[in-house]
Amino acid sequence: MSSRGSDGPFELSIKPGNDHYDPDDDRWRDQVATLYADLQAQVDIVRRGHPVEGTKGTIDQIIIALGSAGAFQAVADCFRAWLGRDRDRRIDIRWDENG
């Protein structure tokens, strides 16, 4: 993969969502796991957990490293396919412009 100079690949953080499922619902967790598996098959991803105040668990954050146009297209294709399976799904995408 090519990179953005010495800074490394461009990284996106994603958070899948759906208002019809509780985040702890096994059916929703299975759907999210499918997205993550599809992404992992195409590009480099990293899972990072963040503690949630007032709970014993964490919220997983998925970081996707995009080092080439091909990787960007693969991620777009995975998003499009996953979102197309259920109109109530969404993917919140964040990135840090300065690294």
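Above this note sits the structure.
This structure is a prediction, so every number in the text was calculated from the model and none was measured.

Student: Could you give me a rundown of the environment of L83, with the residues and numbers involved?
Tutor: Structurally, the position occupied by L83 is in helix α2 (residues 69–84). Taking the C-alpha atoms as reference points, L83 and P16, separated by 67 residues in sequence, lie 9.5 Å from one another. Residues contacting L83, with those up to four places away along its chain left out, are R89, R90 and I91.

Student: Go over the pattern of salt bridges, please, and point to the residues and values.
Tutor: For side chains of opposite charge, pairing can occur when their charged atoms come near one another. Scanning the model with the defined rule gives five salt bridges in all. R90 is the salt-bridge partner of D19, the closest N and O atoms lying 3.2 Å from each other. A residue pair is termed long-range when its members are at least 10 positions apart, and D19 in the loop between β1 (10–18) and α1 (26–42) and R90 in strand β4 (residues 89–94) qualify at 71 residues. In this structure, R80 and D77 form a salt bridge, with 3.0 Å as the shortest nitrogen-oxygen distance.

What counts and how
Residues numbered from 1 in each chain as written. Predicted model: local features only at pLDDT ≥ 70, side-chain atom pairs only at ≥ 80, totals over all residues. Heavy atoms only, no water. Helix = DSSP H or I, 4+ residues; strand = E, 2+ residues; numbered from the N terminus. Contact = heavy atoms within 4.5 Å. Salt bridge = Lys/Arg side-chain N within 4 Å of Asp/Glu carboxyl O.

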